[in-house]
Amino acid sequence: GFGPANVDPIVVSGTWTAASNAVLDFNGRHVVLSANAVVSGLGDLTLRAGRLTMAPASALNTAGDLTLDMVHSTVWAGDAEISGIVSVGTLTTAATLSILAAGHVEVQALGALLARNPGGASDGGGVAIEAGGDINLLGASPCIDVNAAAGSPGSIVLHSWTGAITATSGFSAANAL
């Protein structure tokens, strides 16, 4: 596992960079990205936790695909509460953000999920959220952005096993930025 074995929650502060294809496995513990914390991936990245909380002004960025996996905990409910910015891909290459949660997923007032391709000639990226509980999209507008400068816009897929899906902020899926 990643992080000190006896600490739960694990609070991440400062700036961290993960290698391409890294798996940050917190063994089912609660991970908190504090305000101004930045975790960047050089390529594809997987983060496994029992619960994920991102404070306002925190960021989780990767040049490739990002999987946030909150389904492997015996202690935490598998929730994701995002008040920071989650961004995948580069200025010219689109990528996919996948959020898998046993519990609820909430993108809060200052949060945003970005999988856009602002400078490339290819299609936009994708955002997929699969949750065991409610999905609440209350973040900045647009809360989910899968735009493409050229080509087709990306995709947005939302699926809740047992809960409701609520969106009070907009989505953006266009092919002109």
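Report follows, based on the coordinates. Note that the structure is predicted; figures quoted are calculated from it, not measured. (Residues numbered from 1 in each chain as written. Predicted model: local features only at pLDDT ≥ 70, side-chain atom pairs only at ≥ 80, totals over all residues. Heavy atoms only, no water.)

**Quick notes on the nonpolar core**
Counting 39 residues, the largest nonpolar core has Leu68, Leu97, Ile99 and Leu113 as its most contacted members. Aside from chain neighbours lying at most four places away, what touches Leu113 is Ile82, Val86, Leu97, Ile99, Val107, Val127, Ile129, Cys143, Ile144 and Asp145. (Core = buried A, V, L, I, M, F, W, Y, C linked by side-chain atoms within 4.5 Å. Buried < 20%, exposed > 50% of the residue type's maximum accessible area, 1.4 Å probe, protein only. Contact = heavy atoms within 4.5 Å.)

**Section: the side chain of Asp79**
As for its placement among the helices and strands, Asp79 is situated in the loop between strand S9 (66-70) and strand S10 (80-82). No salt bridge forms around the buried Asp79; measuring N to O, its nearest opposite-charge neighbour Arg51 is 4.6 Å away. A polar side-chain atom of Asp79 sits 2.8 Å from the main-chain amide nitrogen of His104. In contact with Asp79, not counting residues within four places along its chain, are Gly50, Arg51, Leu52, Met70, Gly103 and His104. (Helix = DSSP H or I, 4+ residues; strand = E, 2+ residues; numbered from the N terminus. Lys, Arg positive; Asp, Glu negative; His and termini not counted. Salt bridge = Lys/Arg side-chain N within 4 Å of Asp/Glu carboxyl O. Polar contact = N/O pair within 3.5 Å; in protein donor to acceptor, adjacent residues only side chain to side chain.)

**Observations concerning the pairing of strand S5 (residues 38-41)**
Every second residue of S5 is oriented toward a common face, the buried set being Val39 and Gly41 and the non-buried set Val38 and Ser40. With four bridges joining them, strand S2 (residues 15-18) and S5 adopt parallel strand pairing. Its bridge partner being in S5, Trp16 is matched across the sheet by Val39. (Pairing = 2+ DSSP bridges.)

**Topic: the sheet that holds S9**
Judged by pairing direction, the sheet is parallel, and its six strands sit side by side in the order S3-S6-S9-S12-S15-S18 without closing on themselves. One side of each edge strand has no neighbouring strand; the edge strands of this open sheet are strand S3 (22-25) and strand S18 (155-160). The average angle at which neighbouring strand axes cross in this sheet is 5°, direction not considered. Of the strand pairs in this sheet, strand S12 (residues 96-101) and strand S15 (residues 126-131) are connected by six bridges, and their pairing is parallel. For Leu100, the partnering residue across the bridge sits in S15 and is Glu130. (Axes fitted to C-alpha atoms, helices over the stretch in contact; angles between N-to-C directions.)

**Description of the side chain of Asp69**
One can find Asp69 in strand S9. For Asp69, a relative accessible area of 8% translates into the label buried. Among the polar contacts made by the side chain of Asp69, one reaches the side chain of His72 at a distance of 3.1 Å. Those residues in contact with Asp69, other than ones at most four positions away along the chain, are Leu47, Arg48, Ala49 and Leu100.

**Remarks on the sheet that holds S5**
With parallel pairing, the seven strands of this open sheet are ordered in space as S2-S5-S8-S11-S14-S17-S20. Bordering the open sheet on either side are S2 and strand S20 (171-172), each of which pairs with just one other strand.

**Some remarks on unusual backbone geometry**
Backbone torsion omega between Asp8 and Pro9 reads 15°, so that peptide bond is classified as cis. Positionally, Pro9 belongs in the segment before strand S1 (10-12). Within the chain, Asn21 stands out as a residue other than glycine whose phi angle is a positive 65°. Residue placement: Asn21 occurs in the loop between S2 and S3. On the accessibility criterion, Asn21 (58% relative accessible area) is exposed. Phi is positive for Ala57, close to 75°, though the residue is something other than glycine.

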